[in-house]
Amino acid sequence: MSTDHRRDENIVTDVARLLPTPPRRDLPASRRHAVKELVLSEITPTRGTVDDDAPRRRRLRRRVLLPALGTVVAAAAVGVVVAVNRPAPAPVPPDATADSPAVRLLARVAAVADKRPSPAVTDTSYVYVDTMQAFTGSSATVDQNGNLHEDPASTVLDKPRPRQVWIPVADLCEKSLLRQNGRDVDITDRGGSCPDQGSLNRPTYRLLASLPTDPRALLDRIHTETKGHGATPDQEAFVTIGDMLRESAAPPRITAALYRAAALIPGVTSVPDTTDAAGRRGVAVARDDGFVRTEWIFNAATDELLGERDVLTTDSPGRGRAGDVVGTTAIMTKAIVAGIGRTS
């Protein structure tokens, strides 16, 4: 690990000690990894002379990472992650009919995905994903004692910014890279045994290729492997599938199966008109956990997945009002490439 990364992790540790211990409830692995990536990409060591007696302005970035936990705050500049508890969400009723607009849309996009040609993949290939992303953030100050003072009234949706990742198709022990905010961040998974095909929360192409293509069997496996996470089992399944569709790649038959598995989840609805982070309009399938509606956005003409959006469905002090967008993503490019740094 480089000196800069060790210094960044020390900053995270030191400031985290100053904050109260959050209630014990684990994030899904994919959400924990996303927070870690975000913190590492946002931290910029202070350069030059700083007046130690003056409060320093910081930017907080907030993402709705897990609705049951409430707000998960990545205090990016100082490297802090804070979980705030919320009441359990109200039950989400199932769709009234198996032939709902959402089910029809998912069947259509699955059929389109199924017809796409399989990419040429070797064990040395990489999945490359280029997205535009924006999340809500708020201004805060860190005083001379290290105390964090947030201004909830300043919460705004940031402008979309580019994010590029390179993930090995076969083994997460091989180097992975995140490029964001003008920085290259090594996100290689060095915590497990090697070789490592990952898990549903951070899958390789090879792991996804091994999944069942039967939608019910696939959904059962997702429920089993994500048990105990999320607001409800069905909400966690929807979020997990969305993560796999957004920033991973799979053989066409598996992508189609993921859409068909999502169609089996109760409470999935449709949104006739929505917009991704690049301003592209489309239609969406969505699921509301009682606090936030997560939308998967598709091109209405081609049925191509455009991106994802999180919208508040309940007023939330310090975060916004019902209808506010708190996170948005646009998928610009997704490809199998020969190595890190390659884009085609």
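Every chain is numbered independently, its residues counted from 1 as its sequence is written. Confidence filtering applies because this is a predicted model: local features only for residues at pLDDT of at least 70, side-chain atom pairs given and counted only at 80 or more, and all residues used for totals across whole chains, interfaces and linings. The side-chain values count all of the structure's non-hydrogen atoms but skip hydrogen atoms and water molecules.

A separate point is the side chain of S248. With respect to the element layout, S248 can be found in the loop between α6 (233-247) and α7 (252-262). Residue classification places S248 among the buried positions, given a relative accessible area of 8%. Put simply, DSSP marks the helices as runs of H or I at least four residues long and the strands as runs of E at least two long, and each gets a number from the N terminus on. Partly exposed describes any residue whose relative accessible area lies between the buried limit of under 20% and the exposed limit of over 50%, with all areas from a 1.4 Å probe on protein chains only and scaled to the type maximum.

For the rest of this paragraph, the subject is the state of the cysteines. Pairs of cysteine sulfur atoms within 2.5 Å are what we label disulfides. Applying the stated criterion to the full structure yields 1 disulfide. Each sulfur in the disulfide pair C173 and C194 lies 1.9 Å from the other. In this structure the cystine formed by C173 and C194 twists about its S-S bond by roughly -100°; its chirality is therefore left-handed. With C173 in the loop between β7 (161-168) and β8 (177-180) and C194 in the loop between β9 (183-186) and β10 (198-199), this residue pair connects regions lying 21 residues apart in the sequence.

Salt bridge, as used here, is a side-chain nitrogen of Lys or Arg placed within 4 Å of a carboxyl oxygen of Asp or Glu. All chains considered together, the criterion is met by 14 salt bridges. Of the charged contacts in the structure, one is a salt bridge between R108 and D303, with a shortest N-O distance of 3.1 Å. Placement of R108 in helix α3 (residues 101-114) and of D303 in the loop between β14 (292-298) and β15 (305-312) is noted, with a sequence separation of 195 residues between them. The class of D303 is buried, set by a relative accessible area of 10%. Linked through salt bridges whose partners overlap, the residues forming this network are D243, R246 and E308.

Below, the discussion takes up the nonpolar core. Nonpolar side chains in soluble globular proteins tend to end up buried together. Residue types Ala, Val, Leu, Ile, Met, Phe, Trp, Tyr and Cys, when buried and joined through side-chain atoms within 4.5 Å, form a set referred to as a nonpolar core. Residues I241, Y259, W296 and F298 are the most contacted members of the largest nonpolar core, which totals 33 residues. Going through the elements one at a time, α3, α5 (215-225), α6, α7, β13 (281-288) and β14 are the ones with two or more residues in this core. In contact with F298, not counting residues within four places along its chain, are L105, V109, Y259, G282, V283, V285, D303, E304, L305 and L306. Counting residues in hydrophobic clusters, the runner-up holds 13 residues, among them V121, V165, L172 and A249. Contacts are assigned to residue pairs that have any heavy atoms within 4.5 Å of one another.

pLDDT runs from 0 to 100 and stands for how confident the predictor is about each residue. Per-residue confidence for the protein gives a mean pLDDT of 78, with 68% of residues at or over 70. Below a pLDDT of 50 lies the segment residues 2-32, which in the model reaches 49 contacts outside its immediate sequence neighbourhood of four places, other chains included.

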